[in-house]
Amino acid sequence: MGREFVEIFDEWVHTYDESVNGNDEEYKDVFLKYNEILQAVAEAAIGPVIEFGVGTGNLTKKLLERDLEVVGVEPNQAMRKVTAQKIPNLTVVDGDFLEFETPIFPQSFVSSYAFHHLTDVEKAQAFQIYAEKLSTGGKVIFADTVFDSEQSKKEMIAFEQARGHINLVEDLNREYYTTVPKLKELITKAGFTVNLSKMNNYVFLIEATKI
Ligand SMILES: C[S@@+](CC[C@H](N)C(=O)[O-])C[C@H]1O[C@@H](n2cnc3c(N)ncnc32)[C@H](O)[C@@H]1O
């Protein structure tokens, strides 16, 4: 579920790695320190790991470099194809943040640049599902665009509008970018402790531990 943005990646799959490497002017600030952010997610993960929204496999590679057992969950067929070419032995199943069937029992759920595809209600449902599947001490480690408040979201959209980043503005208005207080509330309600740290002007590292 929360799959209404999956088709956007049929097109973006061809240039996605250029965007994350800073070659897309509009998304430069979103992807600032991309590798560092993914590394921070990988380092906080404990295996076995389920990764949502694998995309072109950039976080997956970092998880595998740590010798963690990983199963990917990715709803976009084109993205699954690219990842299969890059990392031939990886199991990537068709699924999403809310509906997934994998052959492993995870100790952590991880994701980068994808959780905003879910509404806040769906985000809460997702954390309830993860709470049921994890044992005490299990982790959810996500990196994603989150705003300090609704006011700072509005100011950031106005700022991007003023510098002519129309595609980014459309994205920020279209998808479900949430705020730090909302995220903290829904994660703690699901039975986790949580710590959020700012990684760049857009992205927070979200580290949740099952109580
Ligand atoms: C911006 S890309 C991020 C890719 C990669 N994780 C990264 O950090 O570069 C978002 C990915 O999430 C996937 N996606 C979209 N909706 C999703 C959903 N509901 N559940 C899981 N993944 C989803 C897209 O197909 C895409 O591969």
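Residues numbered from 1 in each chain as written. Predicted model: local features only at pLDDT ≥ 70, side-chain atom pairs only at ≥ 80, totals over all residues. Heavy atoms only, no water.

> Would you explain the overall build of the protein chain in this entry?
From N to C terminus, the protein chain includes 9 helices and 7 strands. Here the C-alpha atoms of the protein chain give a radius of gyration of 16 Å, agreeing with the 17 Å that 2.2 N^0.38 yields for 211 residues. If you line up the protein chain on its principal axes, its C-alpha atoms span 45 × 40 × 30 Å. Relative to all contacts within the protein chain whose residues are 6 or more apart in sequence, the contacts with residues 24 or more apart total 66%. Here the protein chain displays about 9900 Å² of accessible surface, and carbon together with sulfur accounts for 50% of that area. For the protein chain, the centre of its 21 positive side-chain charges and the centre of its 34 negative side-chain charges are spaced 4 Å apart. (Helix = DSSP H or I, 4+ residues; strand = E, 2+ residues; numbered from the N terminus. Rg over C-alpha atoms; globule rule 2.2 N^0.38 Å. Contact = heavy atoms within 4.5 Å. Areas by Shrake-Rupley, 256 points an atom, 1.4 Å probe, with all protein chains shown as cover. Lys, Arg positive; Asp, Glu negative; His and termini not counted. Charge placed at Lys NZ, Arg CZ, Asp CG, Glu CD.)

> Looking at this structure, how should I read the sheet that holds strand β2 (residues 70-73)?
By way of backbone hydrogen bonds, the strands of a sheet pair with one another, either parallel or antiparallel. Taken together, the 7 strands give an open sheet; going across it, the order is β3-β2-β1-β4-β5-β7-β6, and neighbouring strands pair in mixed fashion. Strand pairing shows two members of the sheet lacking a second neighbour, β3 (91-93) and β6 (192-198), which therefore form its edges. When the angles between neighbouring strand axes are averaged without regard to direction, this sheet yields 20 degrees. Relative to strand β7 (residues 203-210), strand β5 (residues 139-145) runs antiparallel, the two being bridged by 7 bridges. Within β7, the residue paired with T145 across the bridge is V203. (Pairing = 2+ DSSP bridges. Axes fitted to C-alpha atoms, helices over the stretch in contact; angles between N-to-C directions.)

> Is there a simple way to explain the UniProt feature "binding site: S-adenosyl-L-methionine" (unreviewed entry) in the protein chain in this structure?
Mapped onto this numbering, the UniProt entry gives "binding site: S-adenosyl-L-methionine" (unreviewed entry) at G53, E74 and D96. In terms of the greatest pairwise C-alpha distance, the residues named above, spread along 44 residues, form a tight cluster of at most 7.3 Å across. A distance of 3.0 Å separates the side chain of E74 from the backbone nitrogen of G55, its partner in a polar contact. With respect to the element layout, D96 can be found in the loop between β3 and β4 (108-112). One polar contact links D96 to R3, side chain to side chain, over a distance of 2.8 Å. (UniProt positions renumbered as here; feature names shortened; annotations may be inferred. Polar contact = N/O pair within 3.5 Å; in protein donor to acceptor, adjacent residues only side chain to side chain.)

> Where do I start with the site of the ligand in this structure?
Around the ligand, the structure places 20 residues, and the nearest of them are Y16, Y34, G53, E74 and S112. Within the backbone of F97, an N or O atom sits 3.2 Å from a nitrogen atom of the ligand. One of the side-chain N or O atoms of S112 is found 2.5 Å from an oxygen atom in the ligand. Considering the ligand on its own, with 600 Å² of exposed area, one finds that the protein chains cover 99% of that surface. Among the residues making up the shell around the ligand, the classes are represented as 12 nonpolar, 6 polar and 2 charged. (Near = heavy atom within 4 Å. Nonpolar A, V, L, I, M, F, W, Y, C, P; charged D, E, K, R; others polar.)

> When you look at the UniProt feature "domain: Methyltransferase" (unreviewed entry) in the protein chain in this model, what are you seeing that I'm missing?
Mapped onto the present numbering, the UniProt feature "domain: Methyltransferase" (unreviewed entry) falls at residues 49-138. Taken as a whole, residues 49-138 contains 36% helix and 18% strand, while its terminal C-alpha atoms sit 10 Å from one another.

> Could you clarify how one ought to interpret the packing of aromatic side chains in this entry?
Geometry of an aromatic ring pair is reported as the spacing of the ring centres plus the angle between the planes. Overall, the coordinates contain 26 aromatic pairs when judged by the stated rule. Both rings, one in Y16 and one in F31, keep their centres 6.0 Å apart while their planes meet at 90 degrees; by these two values the pair is edge-to-face. In this pair, Y16 sits in helix α2 (residues 16-23) while F31 sits in the loop between α2 and α3 (34-44), placing the two residues 15 residues apart along the sequence. The residues Y16 and F31 share a single accessibility class, namely buried. Following the ring pairs from residue to residue traces out a cluster consisting of F52, F97, F100, F109, F115, F127, Y130, F142 and F192. (Phe/Tyr/Trp six-rings, centres within 6.5 Å; stacked < 30°, edge-to-face > 60°. Buried < 20%, exposed > 50% of the residue type's maximum accessible area, 1.4 Å probe, protein only.)

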